[in-house]
Every structure is written in structure tokens, then in C-alpha cells.
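Fold and contact review
One letter stands for each residue in the lines below.
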Amino acid sequence: MILKRRQDVFFEHFILIVKNLKEAARLFRENVELLEDTESYAENIKLLEDRGDEYTHTIFKALNQTFITPLEREDIMLLTVKLDDVLDGMEACSDLLDIYRIKEPDPYMRLFARIVENCMDEIVEAVQLLADKKLNEIHRHTFRINDLEKEADQLYRESLQVLFHENNDLKKIIQFKEIYEKMESILDCCEDVANVLEGIIMRS
């Protein structure tokens, strides 16, 4: 149950986390579209991941020090963890692009990255509405996140079909399959965030 308003460390840091995520999603999409300096992009996303870890640590520390919280403690913990998972996924995928030295932009990777960025826009809006206590308005964003995740599922299936049908290079197949899987998993994490938000709405 949401208690009487006390603008506090939790909502403030949720906003910081999603703004950080939005910046990471922009960098991630740029990296996938250009693939010119994957090492630099991976390093920059790692810096944002480190910043996100600081925000996460602040929230967990506040949970241990706060008796009355604006949301159920379990919801605060779960939302924090699921948001962190999204950024971890982008960091892991950026590392793969750098490790494998992928230099040719791939249309499926580009589409995945754009879906990730679109999802992040929805998450930012939803979390801002949560902070503003406008819970009924969150649904349209969680529904959109679910739709985008379904698009990613379809894209993943199509990408694998094309990969296996049009390539005989086993090395490329292994590398691209892993990258596609990691990209699709980022969208799964976004859907997890949407599910947590829906749970908060139901219990309010």
C-alpha cells in the first residue's frame, strides 16, 4: 500500500536510475548502429553501470535505515533489482560486441537496440508516474513495454532463422546467436520491470 507522501530517497533514486538507463540505452543504440569504436562505448556504458550500482546501493542502504517506506519494502527491492538487470544486460551485450570485434552493423541488432531504447522511454515515463503517485496512468506504459517485448521475441526468432539459413560460417553463427540472445534478454528484463510496476498498482 502506498502511504502518505514523503518525497524521499527511494523515488528520487528511482528517477536517477531510469534517467541513467535512458542514457545507457542511447549509447547502446548508437554503438550498435555505428560499430566504429565498440571498446569506447563498452567503457562508457560500464561507467553508467557503475553509477547505477551506486544508486542501487543507496536505495538498499536506505531500506535498512527507514522504518516507513513509500512502497512495500519487497516492491522497492524488486523494482531496484529489475532495473539494475536491464543495465547489466546492456553492459554485457556491449562487451560481447567489443570482445567479438563486430564491425559490420547488422539489421537485426539495430532493430533490437531501437526496441531497447523505445522500452527505456516507456520505463522512464512509468517510473516518473509512480513517483508522482499517478498509478492509473502507468498501465499504458507497461502495456507498451509488453508489446515491445513481444516484438523482440518475434525478431529473435526471425533473426535466428536468417542466421542459420544464410550463413555457413560457424564462428559467425555462434557469435551472432549469442548477441541476439543477449539483446532479447534485455527486453525480457524490461518486461520484468513492467510486471513489478503492475504488481505495485494492484497492491495500492
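Residues numbered from 1 in each chain as written. Predicted model: local features only at pLDDT ≥ 70, side-chain atom pairs only at ≥ 80, totals over all residues. Heavy atoms only, no water.

1. A word on the overall build of the chain
The test is simple: Secondary structure elements are taken from DSSP: a helix is a run of H or I of four residues or more, a strand is a run of E of two residues or more, and numbering for both begins at the N terminus. What makes two residues a contact is simply this: any of their non-hydrogen atoms within 4.5 Å. Only the protein chains shown count as cover for residues, and the accessible areas themselves come from Shrake-Rupley with a 1.4 Å probe. We count Lys and Arg on the positive side and Asp and Glu on the negative side, and we leave His and both chain ends out. Taken as the charge location is NZ of Lys, CZ of Arg, CG of Asp or CD of Glu.
Check the secondary structure of the chain and you find 6 helices and 0 strands. Put simply, the chain runs from its N terminus to its C terminus through helices and strands in the order α-α-α-α-α-α. Projected onto the principal axes, the alpha-carbon positions of the chain cover approximately 60 × 30 × 20 Å. Taking the intrachain contacts of the chain between residues at least 6 apart in sequence as the baseline, contacts between residues at least 24 apart amount to 83%. Put simply, the chain shows about 10,300 Å² of open surface, and 50% of that area lies on carbon and sulfur atoms. One finds the centroid of the 27 positive side-chain charges in the chain at a distance of 4 Å from the centroid of its 44 negative side-chain charges.

2. A short note on helix α6 (residues 170–203)
Let me state the cut-off plainly: Take the residue count of a helix, subtract one, and multiply by 1.5 Å to get its expected span. Any pair of N or O atoms that falls within 3.5 Å is considered a polar contact. Within protein, one atom must be able to donate a hydrogen and the other to accept it, and sequence-neighbouring residues count only if both atoms are side-chain atoms.
Along its 34 residues, α6 runs 49 Å from first to last C-alpha, staying within 8% of the 50 Å computed at 1.5 Å per residue. One side-chain oxygen at the N-terminal end of α6 lies 3.0 Å from the backbone nitrogen of lysine 171; it belongs to aspartate 169.

3. Digging into the pattern of salt bridges
Heads up, the rule is: Salt bridges are counted wherever a side-chain nitrogen of Lys or Arg sits within 4 Å of a carboxyl oxygen of Asp or Glu. The cut-offs for exposure are 20% and 50% of the maximum accessible area for each residue type, with area from a 1.4 Å probe on protein chains only; residues under the lower value are buried, those over the upper are exposed, and the others partly exposed.
In total, this model carries 14 salt bridges according to the counting rule given. Here arginine 114 and glutamate 33 are joined by a salt bridge, their closest N and O atoms 3.3 Å apart. With arginine 114 in helix α4 (residues 107–131) and glutamate 33 in helix α1 (residues 9–34), this pair connects stretches of sequence that are 81 residues apart. Assessed through its relative accessible area of 39%, arginine 114 is described here as partly exposed. Residues joined in a network through salt bridges with shared partners are Arg29, Glu33, Arg114 and Glu117.

4. With respect to the nonpolar core
Heads up, the condition is: Within this scheme, the nonpolar core is defined by two criteria: the residues are buried Ala, Val, Leu, Ile, Met, Phe, Trp, Tyr or Cys, and they are joined through side-chain atoms within 4.5 Å.
Ranked by internal contacts, the top residues of the largest apolar core, which has 70 residues, are Phe28 and Met90. Residue assignment for this core shows that the elements contributing at least two residues are α1, α2 (38–65), α3 (73–99), α4, α5 (139–166) and α6. If near-sequence neighbours (up to four positions away) are discounted, methionine 90 is found in contact with Leu21, Ala24, Ala25, Phe28, Ile45, Val116, Met120 and Ile186.

5. Describing the packing of α1 against α3
Rule in force here: Angular values range over 0 to 180 degrees, each being the angle between N-to-C directions of two axes fitted as lines to C-alpha atoms, with helices fitted over their stretch in contact. For classification purposes, an angle smaller than 35 degrees is called roughly parallel, one larger than 145 roughly antiparallel, one from 65 to 115 roughly perpendicular, and anything else oblique. Crossing handedness is defined as follows: a turn of the near helix away from the far one that is anticlockwise and smaller than a right angle gives a left-handed crossing, while the clockwise case is right-handed.
Contact geometry for α1 and α3: axes closest at 10 Å, N-to-C directions at 20 degrees. With respect to α3, the element α1 is oriented roughly parallel. You can see that α1 and α3 cross each other, and the crossing is left-handed. Between α1 and α3, the contacting residues are Phe10, Phe14, Ile17, Val18, Asn20, Leu21, Ala24, Ala25, Phe28, Asn31 and Val32 on the first element and Ile76, Leu79, Thr80, Leu83, Val86, Leu87, Met90, Cys93, Ser94 and Leu97 on the second.

6. Quick notes on unusual backbone geometry
Located in the positive-phi region is arginine 101, a residue other than glycine, with phi close to 55 degrees. Relative to the helices and strands, arginine 101 resides in the loop between α3 and α4. Classification of arginine 101 by relative accessible area gives partly exposed; the value is 49%. Backbone geometry places lysine 133, a non-glycine residue, at a positive phi of 65 degrees. As for its position among the elements, lysine 133 is in the loop between α4 and α5. Look at lysine 133 and you get partly exposed, because its relative accessible area is 26%.

7. Considerations on the packing of α2 against α3
Direction vectors running N to C along α2 and α3 enclose 165 degrees, while the axes themselves pass 9 Å from each other. With respect to α3, the element α2 is oriented roughly antiparallel. Considering the relative orientation of α2 and α3, their crossing is left-handed.

8. Let's talk about the confidence of the model for the chain
The line we're drawing: Each residue carries a pLDDT score, the predictor's confidence in it, ranging from 0 to 100.
On average, the chain scores 93 in pLDDT, and the residues at 70 or more come to 97%. Segment residues 1–6 is flagged for pLDDT under 50; beyond a separation of four residues in sequence, or across chains, it makes 15 contacts in the model.

9. Considerations on a negative patch on the surface
Going by this rule: Without a salt bridge and with relative accessible area above 30%, a residue can belong to a patch; like charges are then joined within 9 Å and nonpolar side chains (Val, Leu, Ile, Met, Phe, Trp, Tyr) within 5 Å.
The grouping of Glu36, Asp37, Glu39 and Glu43 at the surface amounts to a negative patch. By the element assignment, glutamate 39 lies in helix α2. On the basis of relative accessibility, which here comes to 43%, the residue glutamate 39 falls in the partly exposed class.

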